[in-house]
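Examining the three-dimensional arrangement
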Amino acid sequence: MQLPDSFADYTRALMGDEEYDRLSASLLEAEPPVSIRLNLRKCGDASSFLPPSSFSEVPWASGAYYLDRRPPFTFDPLFHAGCYYVQEASSMFLEQALKRYLPVRPLAALDLCAAPGGKSTHLRSLLPSGSLLVANEVIRNRAQILAENLTKWGHPDVVVTGSDPAAFSPLDSFFDFILTDVPCSGEGMFRKDETAVSEWSPKNVEVCWQRQRRILTDIWPCLKPGGLLVYSTCTYNTKENEENVRWMRDELGAEILPLEVPAEWNVTGNLLPGGDFPVFRFLPHRTCGEGFFLAVLRKAGEYEGAEETLMAPTGRTDTERQTAGRQRGKKGDGGSNQPSAWSKEQLAAVQGWLRDAGSYTLLPEGAELTAFPSAWLSRLALLKQTVRVVQAGVELAALKGRNCLPAHALSMSTLLRADAFACEEVDYASAVAYLRKEAVTLSASAPRGFVLLTFRGIPLGFVKNVGNRANNLYPQEWRIRSSYVPEEVAVLK
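Presented here is a report on the structure given in the accompanying data block. Note that the structure is predicted; figures quoted are calculated from it, not measured.

1. Digging into the pattern of salt bridges
Applying the stated rule across the entire model yields 19 salt bridges. Its salt-bridge partner being arginine 12, residue aspartate 17 comes within 3.4 Å of it at the nearest N-O pair. Among the ionic pairs, glutamate 255 bridges to arginine 298, the shortest N-O distance being 3.4 Å. Placement of glutamate 255 in strand E10 (residues 255-257) and of arginine 298 in strand E12 (residues 292-298) is noted, with a sequence separation of 43 residues between them. A relative accessible area of 41% places glutamate 255 in the partly exposed class. For arginine 298, a relative accessible area of 27% corresponds to the partly exposed category.

What follows is the structure, given as structure tokens:
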């Protein structure tokens, strides 16, 4: 790999000869570090999943670890079960901003450019209890990947959307927190992705910083007065970083907030000549991670919390819409206005599968049934009026003839009651066979009907035991397609 001459010239002038030479050597010669972040809601007591001595902690993120090698994650059942996410370590610095400035009350958060889902899963883990996360991705196939990763992560209070940032503009003062990890020129990914090198050009940098300002202009009205916005990129130049942050301060009236960062983390500050505001840069020759930039901004005005009245695009207030939509399944609470195909007995049976069922509303949509947090139903209705909703809440079940089939998303969700289904613990070979959507043999003691397969006590998904065989209900589009026969992979002990 050879770095583009114009990139080298610009970055050398920005950092100086010594720093640039160290950066260049790191990009051209060093191996990218591998890091994961645990899903502590699924792992339960983290001590049972603590890594062996070949792991080391990521200092700025909880439950996050560097690996001494890159294992074949595809063949680890716990990866597919959402027990951890493979995420670049520098980007986990987001946690420091949230821990420093997020209020403890429930709030509405938006990850605007969210695919494939690393920061969304991290953000969802850090939000106060009772909060709602909206994760957005405008590119349709990437939005599906985002939805899959959030489904595996298992938190029920999530909406996945697939719209251009401009589509959110009518949602005035809708969000308490917005993460804008904006599309950028990708200089920070040079070491991991040679395509990023071949696609880089000074012209692309110009296109990117202008696109980034358009995105920020579109989404800024959606942030509440006093709300927080985190701006981040995976690039080095000041045009997409410090200059955009300065522009938000000068043109949007944003306050740029500091963070306390220990010196031993080797996080670099502002590189803009004359720049005196706090920003946070990760350079791979200084920190164990890829290139990353982050700034924390606050919108002017007094923060009023998550309960104030919103105006819907129709002119009705949020409260009025919620009152008008009390009956389950109507558009006012995010559901459908079509007659439900679900009987009261079926709805009651599915509700019995859930923990904390009283906090969720069941929403029938034709043959499918989802659960959504009741406290956020009116916000869901506003979202459906304004942007394309890919999925909302947790898919629980689907009707097939007279049968009610539990959805795979339910098996991944922390909303599933532990004793709702009979469980069958499987070994590694059977777990991989299940994830390939192959036949799985159950023990003679396994009951007829729907059985939840587990691996090391963690749910993998459902089968239907019909006696002489078990029908594999793993989603066809998620199956492991590789024919490679691996040795047992154990990323977590």
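2. Here we look at helix H2 (residues 17-29)
If you check H2, its first and last C-alpha atoms are 18 Å apart, about what 13 residues at 1.5 Å a residue would give, namely 18 Å. All of the buried residues in H2 are Glu19, Tyr20, Leu23, Ser24, Ser26 and Leu27. Relative to the axis of H2, the buried residues are bounded by an arc of 160 degrees and lie together on one face. Of the exposed residues in H2, those oriented more than 90 degrees away from the buried face are Glu18 and Glu29. Tucked into the core, H2 has its buried residues touching helix H1 (5-15).

3. Regarding the nonpolar core
Grouped together as the largest cluster of nonpolar side chains are 41 residues, with contacts concentrated most on Phe168, Leu229 and Val245. Mapped by element, the contributors of at least two residues to this core are strand E5 (108-111), strand E6 (132-136), strand E8 (175-181), helix H9 (202-219), strand E9 (223-233), helix H10 (242-252), E12 and helix H13 (377-386). Residue contacts for leucine 229: discarding those within four places in its chain leaves Ile178, Thr180, Leu216, Ile219, Trp220, Leu223, Met248, Ala295, Val296 and Leu297. Judged by nonpolar contacts, the second largest core, of 38 residues, contains Ala89, Ala97, Val230 and Leu294.

Parameters at a glance
Residues numbered from 1 in each chain as written. Predicted model: local features only at pLDDT ≥ 70, side-chain atom pairs only at ≥ 80, totals over all residues. Heavy atoms only, no water. Salt bridge = Lys/Arg side-chain N within 4 Å of Asp/Glu carboxyl O. Helix = DSSP H or I, 4+ residues; strand = E, 2+ residues; numbered from the N terminus. Buried < 20%, exposed > 50% of the residue type's maximum accessible area, 1.4 Å probe, protein only. Expected span 1.5 Å × (residues − 1). Arc of directions from axis to C-beta. Contact = heavy atoms within 4.5 Å. Core = buried A, V, L, I, M, F, W, Y, C linked by side-chain atoms within 4.5 Å.

As far as function goes, none of this settles anything; it's purely spatial.
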